[in-house]
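Understanding the architecture of this molecule
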Amino acid sequence: MKRVSRTTLLALASAAIVGQLQPASAEELTVMATGGAWQAALRQAWFEPFAKKMGIKFNEQEYTGELGKIKAMVETGNVPIDLVTVETSTVLQGCDAGVLIRLDYSKVADRSRFLPGTALDCGVGIDVYGDVLAYDTTVLKAAPTSVLDIFDTKKFPGKRAMRKAPAQNLEWALMADGVPIADIYKVLGTSAGVDRAFKKLDTIKKDIVWWDAGAQPPQLLASKEVVMTTAWNGRIQNAIDQDKRPFAIVWDNQIVEYDMIAIPKGAKNLDLAYKYLAYAADPEVGARLGRFIPYGPVLTDATPFVPKEVLPKLPTAPDHMKSYLVGDVEFWGDHGEDLVKRFNAWLAQ
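An account of the accompanying structure is given in this report. Worth saying up front: this structure is predicted, and the values here are computed from it rather than measured.

**A closer look at the state of the cysteines**
Within the structure shown, the criterion is met by 1 disulfide. Covalently, Cys95 is tied to Cys122 through a disulfide, its sulfur atoms 1.9 Å apart. One quick way to see it: the torsion about the S-S bond of Cys95 and Cys122 is about 55°, and its sign makes the bridge right-handed. Taken together, the positions of Cys95 in helix α4 (residues 88-97) and Cys122 in the loop between α4 and β4 (124-136) put the pair 27 residues apart, joining distant regions of the chain. Take Cys95 and Cys122: they sit in the same class, and that class is buried.

**Regarding empty space enclosed by the protein**
Following the criterion strictly, the structure yields 4 cavities of 30 Å³ or more and no others. Considering only enclosed or pocket space, the largest cavity measures out at about 170 Å³ in volume. Considering the residues around the largest cavity, the lining is formed by 18 residues, among which Thr34, Trp38, Glu87, Trp232 and Asp259 are closest to the centre. Taken together, the residues of the lining of the largest cavity break down into 7 nonpolar, 6 polar and 5 charged. Each pocket or cavity is described by its volume, and for the second largest cavity that value is around 100 Å³. Of all the secondary-structure elements, those providing two or more residues to the lining of the second largest cavity are β4 and α10 (270-280). Per-element accounting of the lining of the second largest cavity gives the leading share, 3 residues, to β4. Class assignment for the residues of the lining of the second largest cavity results in 12 nonpolar, 2 polar and no charged.

**A look at the packing of helix α2 (residues 36-54) against α10**
The contact between α2 and α10 brings their axes to 11 Å, and the two run at 120°. With respect to each other, α2 and α10 are oriented oblique. Where α2 crosses over α10, the handedness of that crossing is right-handed. Only Leu272, Lys275, Tyr276 and Tyr279 of α10 make contact with α2, whose side of the interface consists of Ala45, Trp46, Phe47, Pro49, Phe50, Lys53 and Met54. Grouping the constituent residues of the contact of α2 with α10 by class yields 9 nonpolar, no polar and 2 charged.

**A short note on the pairing of strand β1 (residues 28-33)**
Burial analysis of β1 places 5 of its 6 residues in the buried class, the great majority of the element. Remark: the β1/α2/strand β2 (residues 57-62) crossover connection has right-handed handedness. Taken together, the 2 bridges between β1 and strand β3 (residues 83-87) define a ladder with parallel strand orientation. Directly across from Val31, in β3, lies its bridge partner Leu83.

**Topic: the nonpolar core**
Counting 80 residues, the largest nonpolar core has Trp46, Tyr276 and Leu277 as the members making the most contacts within it. Once residues within four sequence positions are removed from consideration, Tyr276 is found in contact with Leu29, Trp46, Phe47, Phe50, Phe58, Leu83 and Ile261.

**What about the side chain of Glu257?**
Here Glu257 lies in strand β8 (residues 247-262). Among buried Asp, Glu, Lys and Arg side chains, Glu257 stands out as unpaired, with Arg163 the closest opposite charge at 5.9 Å. Looking at Glu257, its side chain comes within polar contact range of the side chain of Gln168, at 2.9 Å. Discounting chain neighbours no more than four positions away, the residues touching Glu257 are Asp127, Val128, Tyr129, Asp131 and Gln168.

What counts and what doesn't
Counting of residues starts from 1 at the beginning of each chain's written sequence and follows it residue by residue. Only residues with pLDDT of at least 70 are given local features in this predicted model, and only at 80 or more are side-chain atom pairs given and counted; all residues enter the totals for whole chains, interfaces and linings. In computing side-chain properties, one takes all heavy atoms of the structure into account and sets aside hydrogens as well as water. Criterion for a disulfide: a pair of cysteine sulfur atoms at a distance within 2.5 Å. Only runs of H or I of at least four residues qualify as helices and only runs of E of at least two qualify as strands under DSSP, and these elements are numbered from the N terminus. Exposure is judged per residue with a 1.4 Å probe applied to protein chains only, and the accessible area is read against the type maximum: over 50% gives exposed, under 20% gives buried, and values in between give partly exposed. A cavity, in this analysis, means grid points on a 1 Å lattice covering only the protein atoms where a 1.4 Å probe fits yet has no way out; a pocket is instead an open set bounded by protein on both sides within 12 Å along at least five of seven lines, and a residue lines either one if it has an atom within 4 Å of a point. Grid points are joined across faces, edges and corners, and a volume is the space filled by probe spheres set on the points. Each residue gets one of three labels, nonpolar for Ala, Val, Leu, Ile, Met, Phe, Trp, Tyr, Cys and Pro, charged for Asp, Glu, Lys and Arg, and polar for the others, Gly among them. Geometry is summarised by axes, namely lines fitted to C-alpha atoms with helices restricted to the contacting stretch, and by angles between N-to-C directions that run from 0 to 180 degrees. An angle below 35 degrees is read as roughly parallel, one above 145 as roughly antiparallel, one from 65 to 115 as roughly perpendicular, and any other as oblique. In a left-handed crossing the near helix is turned counterclockwise from the far helix by less than a right angle, and in a right-handed crossing that turn is clockwise. The contact rule is simple, with two residues in contact once any of their heavy atoms fall within 4.5 Å. Look down the strands so they point away from you; if the path from the first strand over the helix to the second goes clockwise, the crossover is right-handed. Pairing between strands is defined by DSSP: at least two bridges between them are needed. As used in this record, nonpolar core signifies buried Ala, Val, Leu, Ile, Met, Phe, Trp, Tyr and Cys residues forming a set joined through side-chain atoms within 4.5 Å. Counting rule for charge: Lys and Arg are taken as positive, Asp and Glu as negative, and neither His nor the chain ends is counted. One side-chain nitrogen of Lys or Arg within 4 Å of one carboxyl oxygen of Asp or Glu is enough to make a salt bridge. Two N or O atoms count as a polar contact when they lie within 3.5 Å, although within protein this holds only if one can serve as hydrogen donor and the other as acceptor, and sequence-adjacent residues are included solely when both atoms are side-chain atoms.

Structure below.
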């Protein structure tokens, strides 16, 4: 029988003890986001660096941004995600519905460091983006000068694409119908205003190709399915910079909005989720996203860390803020459910 040395026995015993102390698997954090170039940018700017720093595994899922999917997880008690990216209106709706937890900002950052409207009870802002108009410069002979040109089928004939949702479309419809930007939500808050917006959308309904996911607008332009499309500015800029597409962005009458991130009720890795939120709230880290997709930071102290070559591509660049509307999250939190029903009924007509 082969004898085992005392040193070997000690080494084996030590290894066994260490094995008992080690967890069965590394900690994991799961996020659900809306895919495409934006999620790829989140991965490069934040997901992968955070995973490396913490020594954890970072899992990703994709969805199209609907509250219903989050709600179904929470109601069934099967919540396989720890964080979810959401629009501001979805944060308010999810908060009221009790499907998103109310955040403890003492674990994240001082709320005063965030731009107004980006540190909500149930969601924290992660970037500033613009809802804009985009077109292929090789297709259109005349260049659009405003997002509202999407309603001009005489000057710009052909199919055009819009997001399959009432938000933004109703605001633009009222702008195109002559309502001053300062009065948009006041008018849209009335039955007559809603009717007026849908009547304006009726004028181009037969020419609209609807999109659901942010990756679709550049694809629709590239395939020449449409002559113009509304889009999130970063998706188009990425197509210009990375795919060398001959696209152009029209900023006039853009709608400025914020992407948010939230923790669904029942998340299993709550402490780790909070650590991620605190990590992204560091000003230097918060400014990192602009290197991968041109969305601005929501942190007031992050701007100095944004690369100079990136600043002109942001929706908040001075030249892009001459005529714009800030999306009213409280309005959509209060009226979103009713307007979605009205919109869906309109689509079915």
